[in-house]
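# What the coordinates show
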Amino acid sequence: MPTLNLDETAKCACGAVSLKFNGPVLSMLVCSCRDCRKSTGTGHSAVVLMTADTVAVSGKVKGHAIKAASGSEVTRNFCPQCGTPLFAKTARAPLLILIPAGLFDEPDWFSPRQAIFSRTHLDWDVLDEALPQYDTYRDNGGF
């Protein structure tokens, strides 16, 4: 599969924060851990993974750090005005940034390649059966 390079800007719902993306997408995935379910309010998160240096943030953001089920500290950042989830960072991979696919206006290019934390996936949240699923992270420990 060819590498997807993003060159676009996404904004929160109120427009107070914008993120400029310029670089390759490293991975696209869904995660069904309890933390992601709580942060999205649904059965899983849909995540675009990039290096942090390919994303420029304009505007004030607020973060909330928690110790995730993986044992790593995860900081989820959101717009303090409207509450839109913007990005997350994990101490497990500090050079990476996790962006919710729904932040983009038209993410037709989003195509998850794996489902992680399937051990806590909810039966009512239907995923493509062909999507490789892992109980925690991929067998090699990566995203």
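For the structure given in this document, a descriptive report is provided here. (Residues numbered from 1 in each chain as written. Predicted model: local features only at pLDDT ≥ 70, side-chain atom pairs only at ≥ 80, totals over all residues. Heavy atoms only, no water.)

Its boundaries defined by the atoms lining it, the largest pocket holds a volume of some 580 Å³. Forming the walls of the largest pocket are 33 residues, and the residues nearest its centre are C36, S39, V74, R76 and A88. Those elements that place two or more of their residues in the lining of the largest pocket are β3 (27–31), α1 (34–40), β4 (45–51), β6 (62–67), β7 (73–78), β8 (85–90) and β9 (96–100). Residue composition of the lining of the largest pocket, by class: 22 nonpolar, 8 polar and 3 charged. (1 Å grid on protein atoms, 1.4 Å probe; cavity = no way out; pocket = protein on both sides within 12 Å on 5 of 7 lines; lining within 4 Å. Points joined across faces, edges and corners; volume = space filled by probe spheres on them. Helix = DSSP H or I, 4+ residues; strand = E, 2+ residues; numbered from the N terminus. Nonpolar A, V, L, I, M, F, W, Y, C, P; charged D, E, K, R; others polar.)

What follows deals with the pairing of β7. Pairing analysis gives 6 bridges linking β6 to β7, with the strands arranged antiparallel. Opposite K67, over in β7, you have E73 as the bridge partner. Two successive antiparallel strands, β6 and β7, enclose a turn made up of 5 residues, where G71 displays a positive phi of approximately 95°. Direction of pairing for β7 relative to β8: antiparallel, over a ladder of 5 bridges. Paired with N77 across the two strands is F87, which belongs to β8. Linking β7 back to β8 in an antiparallel pair, the connection comprises 6 residues, with G83 at a positive phi of about 85°. (Pairing = 2+ DSSP bridges.)

All right, on to the environment of S70 then. With respect to the helices, strands and loops of the structure, S70 is situated in the loop between β6 and β7. Residue class for S70 comes out partly exposed when judged on its relative accessible area of 33%. For the pair formed by S70 and T136, sequence separation is 66 residues and the distance between their alpha carbons is 7.9 Å. If sequence neighbours within four positions are ignored, S70 has contacts with F117 and Y137. (Buried < 20%, exposed > 50% of the residue type's maximum accessible area, 1.4 Å probe, protein only. Contact = heavy atoms within 4.5 Å.)

Phi at F117 is positive, roughly 55°, even though this residue is not glycine. By the element assignment, F117 lies in the segment after β10 (114–116).

Let's shift gears to the state of the cysteines. Inspection of every chain in the model, using the stated rule, returns 0 disulfides. Here C31 stays free of any disulfide, with the sulfur of C33 as its closest cysteine sulfur at 3.6 Å. Left unpaired, C36 is separated from the closest cysteine sulfur, that of C33, by 3.7 Å. C36 gets classed as buried once you look at its relative accessible area, which sits at 8%. (Disulfide = S-S within 2.5 Å.)

What follows covers the side chain of S45. If you trace the backbone, S45 turns up in strand β4. In this structure S45 comes out as buried when scored by relative accessible area, which is 6%. Beyond its immediate sequence surroundings of up to four residues, S45 is in contact with L29, V30, C31, C36 and T40.

Turning to the packing of aromatic side chains, a few remarks are in order. Counting across every chain of the model gives 2 aromatic pairs. An angle of 75° between the planes, with centres 5.0 Å apart, marks the rings of F104 and W109 as edge-to-face. For F104, a relative accessible area of 2% gives the class buried. Three or more aromatic residues joined by ring pairs make a cluster, and in this case those are F21, F104 and W109. (Phe/Tyr/Trp six-rings, centres within 6.5 Å; stacked < 30°, edge-to-face > 60°.)

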